[in-house]
Amino acid sequence: MYGLLRSVWNEPRPPDPPLRVWRDWALVGVLVPIAVLEGVLRPDLPWRAVSVTVTLGLVPTLLWRRTRPLPMLAIAFGTTSLAPLLTSGESPETYTMVYLLLLVYALFRWGAGREAAAGLAIMLVAVLLSIGFDRIVLADAVAAFAVMSSAIALGVAFRYRARERMRELDQVKLLEREQLARDLHDTVAHHVSAMAIRAQAGLATSASRPNAATEALHVIEAEAARALAEMRTMVRVLRQDQQAELAPGRGVADLEGLASQGPSVPAVDVEISGDLDDLPPLVGAALYRLAQESVTNARRHARHATRIEVRVAADDTSVHLRVSDDGDSSLLRQTGSPGYGLIGMIERADLLGGTCVAGPDPDRGWTVTAVLPRTGSAT
């Protein structure tokens, strides 16, 4: 119980309360003539001038009810509690003053925990004073407290509904960040690895083949241009003042582009079989990224590899991907935990209801096997 009270007391204010908007001014503009009209037309209104003045004087508190909820509520209840001193003990309240419930709601919707506790104490004191000075009977006090409790419950409900909404938005942002991290890793790692490998190959063969450096520079230039284009696309998506390009992303049609161009080592051979024309874009993009990451890992980690095979086969229900190399996988066998690339591959396949498994072959090499459902969703 103490922990609950402590958490309520330490409850901070909700972030970014809305400032005065046109609806607040419109509300004030409506309440003022209503209060005047009630003062003119209501025959049983006691102390007409004082009642209308108090009602009109408290209307502006609505303009600051979100940014300063406790002071506005204290002003309102303090004024209504002290006003009977000017009216020989009679309560100069009008029907229009029902708008004070908005102050109660705003306190528990936008105030901090300690402000809400202080406001509740102020309201209880005001009710007890009214009972003590015989301004209202006990039954009316119970009814008034029930109405205030309804406003309090409504404010608390909307407060925690907004908090849950913020949590959902934070979760969506987290998922988007994870997706962006995977895309950045896939894009940057693939293109940078390709540039590094071609640069090393150009340096190694420059003595025997003078044109090797020029060929390597052409490949590096092309990979850098692709990486820059994909990076710009992702950055444009993140910018709020620019719209993302509607050009399609990478997919099944780009798998052939992973094959080696020219006498590069290790050579990448891509073979595709089955009907892949009607794959959903998400499945095609995931298939390409899984193959791309697998090829990148093989080029980076498979020592003395001469060949990388990419095999894609489709049937009526799923698409199968197998990427294997003939390199020395002894170093990978000694690695205890998977890297970010492999974790991202597993997560990407799992999100589509598929599987992704990677591990060393019995004799030599490393193989990545992924199975994705054609529908792109878990069954």
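For every chain, the first residue of the written sequence is number 1, and numbering continues from 1 along that sequence. Local features in this predicted model are restricted to residues whose pLDDT is 70 or higher, and side-chain atom pairs enter the listing and the counts only when it is 80 or higher, whereas totals over whole chains, interfaces and linings include all residues. Values reported for side chains reflect all heavy atoms of the structure, with hydrogen atoms and water molecules removed beforehand.

### Observations regarding the overall build of the protein
Part 1: Helix and strand content of the protein: eleven helices and five strands.
Part 2: Buried residues are those whose accessible area, probed at 1.4 Å on protein chains only, stays under 20% of the maximum for their type, while exposed residues exceed 50% and partly exposed ones sit between those limits. Across the 379 residues in the protein, those meeting the buried criterion constitute 37%.
Part 3: Once local pairs closer than 6 in sequence are excluded, the contacts in the protein between residues at least 24 apart make up 73%.
Part 4: Per-residue accessibility takes into account occlusion by the displayed protein chains alone, with areas from the Shrake-Rupley method and a 1.4 Å probe. When the accessible surface of the protein is split by element, carbon and sulfur atoms take 63% of a total near 22000 Å². Secondary structure counts use DSSP, requiring at least four H or I residues in a row for a helix and at least two E residues in a row for a strand, with both numbered from the N terminus. By the convention used here, residues are in contact when the closest approach between their heavy atoms is within 4.5 Å.

### Let's talk about the pairing of strand 2 (residues 307–314)
Part 1: Taking every second residue as pointing to the same face, the buried face of strand 2 carries Ile308, Val310, Val312 and Ala314, while none of Arg307, Glu309, Arg311 and Ala313 on the other face is buried.
Part 2: Pairing between strand 1 (residues 267–273) and strand 2: seven bridges, direction parallel. Bridge pairing in strand 2 links Asp269 to Glu309.
Part 3: Following the chain from strand 1 across helix 9 (residues 281–301) to the adjacent parallel strand 2, one finds a crossover that is left-handed.
Part 4: As judged from the seven bridges shared by strand 2 and strand 3 (residues 318–325), these two strands associate in the antiparallel manner. Think of it this way: DSSP has to see at least two bridges between two strands before they count as a pair. If you view a crossover with the strands going away from you and the path from the first strand over the helix to the second runs clockwise, you call it right-handed.

### Overview of the environment of Val283
Part 1: Note that Val283 resides in helix 9.
Part 2: Residue class for Val283 comes out buried when judged on its relative accessible area of 0%.

### Some words on a nonpolar patch on the surface
Part 1: A patch consists of residues whose relative accessible area exceeds 30% and which take part in no salt bridge; residues with like charges are grouped when within 9 Å of each other, and nonpolar side chains (Val, Leu, Ile, Met, Phe, Trp, Tyr) when within 5 Å. Basic side-chain nitrogens of Lys or Arg form a salt bridge, by our definition, when they fall within 4 Å of a carboxyl oxygen of Asp or Glu. A cluster of nonpolar side chains, Val32, Val36, Leu37, Val40 and Leu41, forms an exposed patch at the surface whose accessible area comes to about 450 Å².
Part 2: If you trace the backbone, Val40 turns up in helix 2 (residues 22–41).
Part 3: A relative accessible area of 61% means that Val40 is categorised as exposed.

### Focus on the packing of helix 5 (residues 100–110) against helix 6 (residues 113–132)
Part 1: Note on definitions: angles span 0 to 180 degrees between N-to-C directions of axes, and those axes are lines fitted to C-alpha atoms, for helices only across the stretch in contact. Their axes nearest at 8 Å, the elements helix 5 and helix 6 cross at an angle of 155°. With respect to their mutual orientation, helix 5 and helix 6 come out roughly antiparallel. Relative to helix 6, the crossing made by helix 5 is left-handed. Residues Val104, Leu107 and Phe108 of helix 5 form the contact with helix 6, whose participating residues are Glu115, Ala116, Gly119, Leu120 and Met123. Angles are sorted into four bins: roughly parallel if under 35 degrees, roughly antiparallel if over 145, roughly perpendicular if 65 to 115, and oblique for all others. We call a crossing left-handed when the near helix sits turned anticlockwise from the far one by less than a right angle, and right-handed when that turn is clockwise.

### Looking at helix 3 (residues 48–58)
Helical geometry: 3.6 residues make up each α-helical turn, so side chains three or four residues apart lie on a common side.
Part 1: Listing the buried residues of helix 3 in full gives Ser51, Val52, Val54, Thr55 and Leu58. End-on, the buried residues of helix 3 take up no more than an arc of 160°, which puts them together on one face. Along helix 3, the residues that are exposed and aim more than 90 degrees away from the buried face are Ala49, Thr53 and Gly57.
Part 2: In this structure, the buried side of helix 3 is in contact with helix 2, helix 4 (69–82) and helix 5. Along the arc lie the directions from the helix axis toward the C-beta atoms.

### Regarding the packing of aromatic side chains
Part 1: Here is the rule: rings of Phe, Tyr and Trp (six-membered ring for Trp) pair when centre to centre is within 6.5 Å. Planes less than 30 degrees apart are stacked, more than 60 are edge-to-face, and the remainder are tilted. On inspection of all chains with the given rule, the structure shows one aromatic pair.
Part 2: Residues Tyr105 and Phe158 carry aromatic rings whose centres are separated by 6.2 Å and whose planes lie at 80° to one another, so their mutual orientation is edge-to-face. Here Tyr105 is found in helix 5, whereas its partner Phe158 is found in helix 7 (residues 138–205), with 53 residues between them in sequence.
Part 3: Taking the relative accessible area as the measure of exposure, Phe158 reaches 36% and is therefore partly exposed.
Part 4: We call a charge positioned over a ring when the NZ of a Lys or the CZ of an Arg lies within 6 Å of the ring centre and within 35 degrees of the ring normal. Stacked on the ring of Tyr95, the Lys or Arg Arg42 has its end atom at 3.9 Å from the ring centre.
Part 5: Over the ring of Trp110 we find Arg109, and its NZ or CZ is 3.8 Å from the ring centre.

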